[in-house]
Amino acid sequence: MSGERRVTVIGGGLAGIAAALDCARAGVPVTLLESRGRLGGAAYSFTRDGINADNGQHVFLRCCTAYRELLELIGATDSVTLQDRLEIPVLAPGRRRARLWRSRLPAPLHLAGALARYPLLSVGERARVARAMRSLGAIDTDDRAVDERSFGDWLAEQRQSERAIESIWSLIVRPTLNLEPADASLAQAAQVFQVGLLGERGAGDIGYARVPLSEIHDRAAMAALQRAGVDVRLRTGVTGILATSGGFRVEQNGAPTLCSEAVIVAVQPDRLARLIPAAAGIDRATLAGLGSSPIVNLHFVFDRRVTDLPFAAGVGTPVQWLFDRTGSAGLEHGQYLAITLSAAGAELAMTSDELRQRYHTALAELLPEVENATVEAFFVTREHAATFRAAPGARALRPGPETQLPGLVLAGAWTDTGWPARMEGAVRSGHAAADQALSAPAGAPRASSENGNGHRPALPLPTRSAEPLDHASELIAGGSG
């Protein structure tokens, strides 16, 4: 590749960070433009009344190899924690604490003991769940017909009871896909279970940040980008991208035009539709068809500790997932609990007072000590369009990294990585975009990569570490990458 080649990355979320680092490591000059005053995209933190809070609880799994490699690259592995072995405490009103866990047996037997002892289901329900898990493991997640089916319809065919759907299937699908099972694509749900739970024994072990997210995705990432020689420009909005004979002109708000041989656009679909030239061949109606799904996070600060759990899932309660964020918030007394609500259309319409009353009551039903505690602070964060909708047929709407303009490339968790719209998918999309930008010189002839369905498949992600990390995936109860 010519040493004169330059790459511009638009968007400083995880996809843009990963793409910029890849290009810089390949010896190419890179400029990264971010309209906000920080990096990190949809996974960030802020300060409220002296409390360091994340916008949402972002969790990764051991199978999230791309995200974990990024943490290693930016020097942030000590800022996260990862379970030695999967264990999810499950709370239900009026019931003893249950748990989902794995043993040291090989997959899929590693989950057999937990399912056999799961007290929230009858013996018959457990047996039907086990049979459905086996069937789910055999599904071809790349089959378009499978993607067009509803996971909820498939569960009904598998004779899954409403109690099993809530206690097992929703507990995993809702936080990972940000949809209820009835609204989710069968192919995308199957991918989550196959990669995160049914494949490698340790794939589903849960990890999360021990510090505010912006210490990782903003400060540590910024330092790594600067070490790599990336020219990072914050508070730099892009107003348009123009194709030229030698590459592209990136129009900036209040700044000179930036010329570049390749451009990686790592922004959300609605913003992409406003920036990208028509000649790129990206249909705006298709982008709009991806839709969006909201996430609401509730932040309770109590004057005392109300639980010893680092996190837990809820069943039979409005509380979906709760996390103890006391340490990362920098609190020296009391306890800070964050409640994450995925597919939160109804909660999005509720007032803060309504949410506080409803969820304080629900917390007290799960954690008796809440009744004796005083709420010192409460606030709500709302992500109106946290993720795209991984609904039936969504895979065909997700573009791959390349466009019809050589050198103009797409990235973002919503692009076709095969993964949900989470941190892992965002990082993988950045790698795929960098590969495409580095391998497709501006002006080079391009053969069409569309198949008969008009779907551009994403490039496979190459192994980047000499010693690959254990397999992992990014399931969470909280925001997109």
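Data block above holds the structure.
Remember, it's a predicted structure, so these values are computed and weren't measured experimentally.

Colleague: How do you make sense of the packing of aromatic side chains when you look at a structure like this?
Modeller: Ring pairs (aromatic) are described by centroid distance and by the angle formed between their planes. In total, this model carries 12 aromatic pairs according to the counting rule given. Here Phe-300 and Phe-302 contribute two aromatic rings whose centre-to-centre distance is 5.8 Å and whose plane-to-plane angle is 5°, an arrangement assigned as stacked. Aromatic pair Trp-321 and Phe-323: ring centres 6.2 Å apart, planes at 15°, arrangement stacked. Note on Trp-321: relative accessible area 8%, which makes it buried. In textbook terms, an aromatic cluster arises when at least three aromatic residues are bridged by ring pairs, as seen for Phe-151, Trp-154, Trp-169 and Phe-193. If you follow Arg-38 out to its NZ or CZ, it ends over the ring of Tyr-44, 3.8 Å from the centre.

Colleague: Explanation requested: the nonpolar core in the structure shown.
Modeller: Grouped together as the largest cluster of nonpolar side chains are 123 residues, with contacts concentrated most on Tyr-118, Phe-151, Trp-169, Phe-193 and Ile-264. Tallying contributions element by element places helix H1 (residues 14-25) first for this core, with nine residues. Apart from residues lying up to four places away in sequence, Trp-169 is in contact with Val-129, Ala-132, Met-133, Leu-136, Phe-151, Leu-155, Gln-160, Ala-164, Pro-181 and Phe-193. Counting residues in each nonpolar core, the second largest holds 27 residues, with Val-296, Ala-312, Ala-344 and Leu-355 among its members.

Colleague: Any chance you could explain the sheet that holds strand E9 (residues 206-209) here in plain terms?
Modeller: The pairing of strands in a sheet happens through backbone hydrogen bonds and is either parallel or antiparallel. Pairing is antiparallel across the open sheet formed by three strands, whose spatial order is E5-E9-E6. The strands lining the two open edges of the sheet, one partner per strand, are strand E5 (59-61) and strand E6 (80-82). When strand polarity is set aside, the average angle formed by the axes of neighbouring strands in this sheet is 25°. Two elements, E6 and E9, share three bridges in a ladder whose sense is antiparallel. Pairing of Thr-81 across the sheet is with Tyr-208, part of E9.

Colleague: When you look at the state of the cysteines in this model, what are you seeing that I'm missing?
Modeller: Linking two cysteines covalently through their sulfur atoms gives a disulfide. Enumeration over the complete set of coordinates arrives at zero disulfides. Left unpaired, Cys-23 is separated from the closest cysteine sulfur, that of Cys-259, by 18 Å. On the accessibility criterion, Cys-23 (0% relative accessible area) is buried.

About the thresholds
- Throughout this description, residue numbers start from 1 for each chain and increase along the sequence as written.
- Where totals are concerned, whole chains, interfaces and linings use all residues; where local detail is concerned, this predicted model gives features only for residues with pLDDT of at least 70, and gives and counts side-chain atom pairs only at 80 or more.
- Water and hydrogen atoms play no part in the side-chain values, which are based on all heavy atoms of the structure.
- Pairing of aromatic side chains here covers Phe, Tyr and the six-membered ring of Trp, requires ring centres within 6.5 Å, and sorts the geometry by plane angle: under 30 degrees stacked, over 60 edge-to-face, intermediate tilted.
- Burial classification: accessible surface area is computed with a 1.4 Å probe over protein chains only, and a residue below 20% of its type maximum counts as buried, one above 50% as exposed, and the rest as partly exposed.
- By definition here, charges over rings are those cases where NZ of Lys or CZ of Arg is within 6 Å of the ring centre and within 35 degrees of the ring normal.
- Here, nonpolar core means buried Ala, Val, Leu, Ile, Met, Phe, Trp, Tyr and Cys residues that are tied together by side-chain atoms lying within 4.5 Å of each other.
- Runs of H or I in DSSP of at least four residues are treated as helices and runs of E of at least two as strands, each being numbered from the N terminus.
- By definition in these notes, contact holds between two residues if any of their heavy atoms fall within 4.5 Å.
- Should DSSP find at least two bridges between two strands, the strands are taken to pair.
- Angular values range over 0 to 180 degrees, each being the angle between N-to-C directions of two axes fitted as lines to C-alpha atoms, with helices fitted over their stretch in contact.
- In plain terms, two cysteine sulfur atoms within 2.5 Å form what is called a disulfide here.

All quantities given are derived from atomic positions and should not be read as evidence of function.
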